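Here's the letter readout for the chains.
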Amino acid sequence: MARCLQLAKNGLGTTYPNPMVGAVVVHNNCIVGEGWHQKAGDAHAEVNAINNVNKKELLKEATIYVSLEPCSHFGKTPPCSDLIIASGIKKVIVGSVDPFAAVAGRGIKKLLDAGCEVIVGVLEAECKDLNKRFFTFHTQKRPYIILKWAESNDGFIAPDSETRNNREPVWITNSAARQLVHKWRAEEMGILVGTNTVEADNPSLTTRYWVGKSPTRIILDRELKLKKSSTVFDGNVATLTITEKPVENKSNLNYIKADFEQNLVAQLVDILYAEGLQSVIIEGGAKTLNSFIEDDLWDEARIFKGRVHFGNGVAAPHLKKATKTRTSNLNGDLLSIHYRL
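Residues numbered from 1 in each chain as written. Predicted model: local features only at pLDDT ≥ 70, side-chain atom pairs only at ≥ 80, totals over all residues. Heavy atoms only, no water.

Participant: Any details on the domain arrangement of the chain? Residues and values, ideally.
Facilitator: Partitioning the chain into domains gives domain 1 (1-134) and domain 2 (141-340). Inter-centroid distance (C-alpha atoms) of domain 1 to domain 2 is 35 Å. Counting from both sides, the interface comprises 7 residues of domain 1 and, opposite them, 10 residues of domain 2. Looking only at domain 1, the three residues that lose the most surface to domain 2 are Y16, K132 and R133, adding up to 69% of its buried area. Linking domain 1 to domain 2 there are 2 salt bridges. Close ionic contact of E188 with R133 constitutes a salt bridge, the shortest N to O distance being 2.8 Å. On the surface where domain 1 and domain 2 come into contact, there are 4 residue pairs in polar contact (both at pLDDT 80 or more). (Domains from an automatic or database assignment. Contact = heavy atoms within 4.5 Å. Buried area = accessible area lost by both parts, 1.4 Å probe. Salt bridge = Lys/Arg side-chain N within 4 Å of Asp/Glu carboxyl O. Polar contact = N/O pair within 3.5 Å; in protein donor to acceptor, adjacent residues only side chain to side chain.)

Spelled out as structure tokens, the structure:
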């Protein structure tokens, strides 16, 4: 199962809206076939693993390990449970049950009804953590929410406006940290910023420094005051603008109304769920980040602390909930990743 997890991780960022899945076929304690789900619409992990077995006659005496319950429904591909049964495999080891309503135990039942021995729950916690975005989306009806910011060594995410105007752009982190951020963007489905961030930084919110698909851009623009020449409106990437104004959609630029007088974070979570976005990075600014913290609607916080000193400016957000944390050093910049308990 550990090998299944290792294989499945190769699909991070490419399988949406499907989960990451790895599968391994074992015969006489030897791996004879393995595979993972590489891209939505392509063959699932079980199919790739079974096809990878050179001597198909071994399948009748083999065991297949799969990190997530084999599917039982027809989507873009046929049910994997049917393939396992047809291949003659009699023993199936499953990491975790699939929370997706179209599966949710039906794949396991189909295997059992066909006479297969099925064992469920091997490295279950690790298998669920692998697909934390998928599980959060289907069980909590919201995207997996990642807060991200960079702060100076004295606790500011931006210098005061006068200093900022004299220093364009204002970088807190080094190039290694910035490249890592672009890698993260390629792994998630959405990225959200507020009006002030677009006005101050004119970001593109794309994966320029990493290979991969750019996430859907979500822009908060209550009064539609942002310049149409802003890079986020260039139409190169799917973009959602959350506003209180009625606006006609354009190519790759969609507008969704929200009531900014009510709880905006709760509305955003519902909007992103309705849009099918399983994960979102909240990149700023301070007001937007703090609103998610205040509403206790976040799953991870990824915080860089750079070596630059501002003296004063925009204070960095502060996490109030107890979290488990891991830290690392990126060429002098400290990265702390906090997980909400």
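Participant: Lay out the packing of aromatic side chains in plain terms, naming residues and giving numbers.
Facilitator: Counted by the stated rule, this structure contains 3 aromatic pairs. Ring geometry for F134 and F135: centres 6.3 Å apart, planes at 80 degrees, overall edge-to-face. Residue classification places F134 among the buried positions, given a relative accessible area of 4%. We classify F135 as buried; its relative accessible area is 10%. (Phe/Tyr/Trp six-rings, centres within 6.5 Å; stacked < 30°, edge-to-face > 60°. Buried < 20%, exposed > 50% of the residue type's maximum accessible area, 1.4 Å probe, protein only.)

Participant: Go over the UniProt feature "binding site: Zn(2+)" (unreviewed entry) in the chain with me, naming the residues and quoting the values.
Facilitator: According to UniProt, the feature "binding site: Zn(2+)" (unreviewed entry) maps to H44, C71 and C80 in the numbering used here. Spanning 37 residues, the annotated positions come together in the fold, the maximum distance between their C-alpha atoms being 9.1 Å. Mapped onto the elements of the fold, H44 is located in the loop between β2 (30-36) and α2 (45-51). H44 gets classed as buried once you look at its relative accessible area, which sits at 19%. (UniProt positions renumbered as here; feature names shortened; annotations may be inferred. Helix = DSSP H or I, 4+ residues; strand = E, 2+ residues; numbered from the N terminus.)

Participant: Describe the UniProt feature "binding site: substrate" (unreviewed entry) in the chain, listing the residues and the values that go with them.
Facilitator: This chain's UniProt record puts "binding site: substrate" (unreviewed entry) on R185, L205, R208 and E283. By the element assignment, R185 lies in helix α8 (residues 175-187). Residue classification places R185 among the buried residues on the basis of a relative accessible area of 8%. Note that R208 resides in the loop between α9 (195-201) and β9 (216-220).

Participant: Go over the pattern of salt bridges with me, naming the residues and quoting the values.
Facilitator: Across all of its chains, the model carries 17 salt bridges by this definition. Note that E34 and R3 form a salt bridge whose closest N and O atoms lie 2.6 Å from each other. Here E34 is found in strand β2, whereas its partner R3 is found in helix α1 (residues 2-8), with 31 residues between them in sequence. The partly exposed category is assigned to E34, whose relative accessible area is 25%. Judged by its relative accessible area of 31%, R3 is partly exposed. A salt bridge links E283 to R185; its shortest N-O distance comes to 3.1 Å.

Participant: Which residues make up the pairing of strand β15 (residues 323-330), and what values go with them?
Facilitator: Where β15 lies against strand β16 (residues 333-340), 8 bridges are found, and the strand directions are antiparallel. Among the inter-strand pairings, N329 is bridged to a residue of β16, identified as L334. In this structure, the hairpin formed by β15 and β16 is closed by a connection of 2 residues, where N331 is found at a positive phi of approximately 50 degrees. (Pairing = 2+ DSSP bridges.)

Participant: Quick one: what's the story with the layout of surface pockets, residue by residue and with numbers?
Facilitator: Left-over empty space is what a probe sized like a water molecule reveals as it rolls over the atoms. In this structure, the second largest pocket occupies an estimated 750 Å³ of space. As for the second largest pocket, its lining consists of 27 residues, and the residues nearest its centre are D129, K132, Y144, E300 and Y339. When grouped by side-chain class, the residues that make up the lining of the second largest pocket number 10 nonpolar, 3 polar and 14 charged. Counting only domains with at least three residues in the lining of the second largest pocket, you end up with domain 1 (1-134) and domain 2 (141-340). (1 Å grid on protein atoms, 1.4 Å probe; cavity = no way out; pocket = protein on both sides within 12 Å on 5 of 7 lines; lining within 4 Å. Points joined across faces, edges and corners; volume = space filled by probe spheres on them. Nonpolar A, V, L, I, M, F, W, Y, C, P; charged D, E, K, R; others polar.)

Participant: Help me get a handle on α8, residues and values and all.
Facilitator: Between the first and last C-alpha of α8 there are 19 Å, a value that for 13 residues agrees with the 18 Å anticipated at 1.5 Å per step. Listed in full, the buried residues belonging to α8 are A177, V181, H182, W184, R185, A186 and E187. For α8, the N-terminal cap is N174; the gap from its side-chain oxygen to the backbone nitrogen of A176 is 3.1 Å. (Expected span 1.5 Å × (residues − 1).)

Participant: I'd like a description of the sheet that holds strand β6 (residues 144-151), backed by residues and values.
Facilitator: Across the sheet, 9 strands lie side by side as β11-β10-β9-β8-β12-β6-β13-β16-β15; this open sheet has mixed pairing. Edge positions in the sheet fall to β11 (253-257) and β15, since each has one partner strand and no second. Pairs of neighbouring strands in the sheet enclose a mean axial angle of 20 degrees, with direction left out of account. Judged from the 6 bridges that link them, strand β13 (residues 300-305) and β16 form a sheet pairing that is antiparallel. When the bridges of β16 are listed, F304 appears paired with L335. (Axes fitted to C-alpha atoms, helices over the stretch in contact; angles between N-to-C directions.)

Participant: Would you mind going over the packing of helix α3 (residues 80-87) against helix α4 (residues 106-113) in detail, with residue names and values included?
Facilitator: Taken N-terminus to C-terminus, the directions of α3 and α4 make an angle of 20 degrees; their axes are 9 Å apart at the nearest point. When the axis of α3 is compared with that of α4, the two are roughly parallel. In terms of crossing hand, the pair formed by α3 and α4 is right-handed. Each of S81, D82, I84 and I85 in α3 lies in contact with α4, whose residues at this interface are G107, K110 and L111. (Parallel < 35°, antiparallel > 145°, perpendicular 65-115°, else oblique. Left-handed = near helix turned anticlockwise from the far one by under 90°.)

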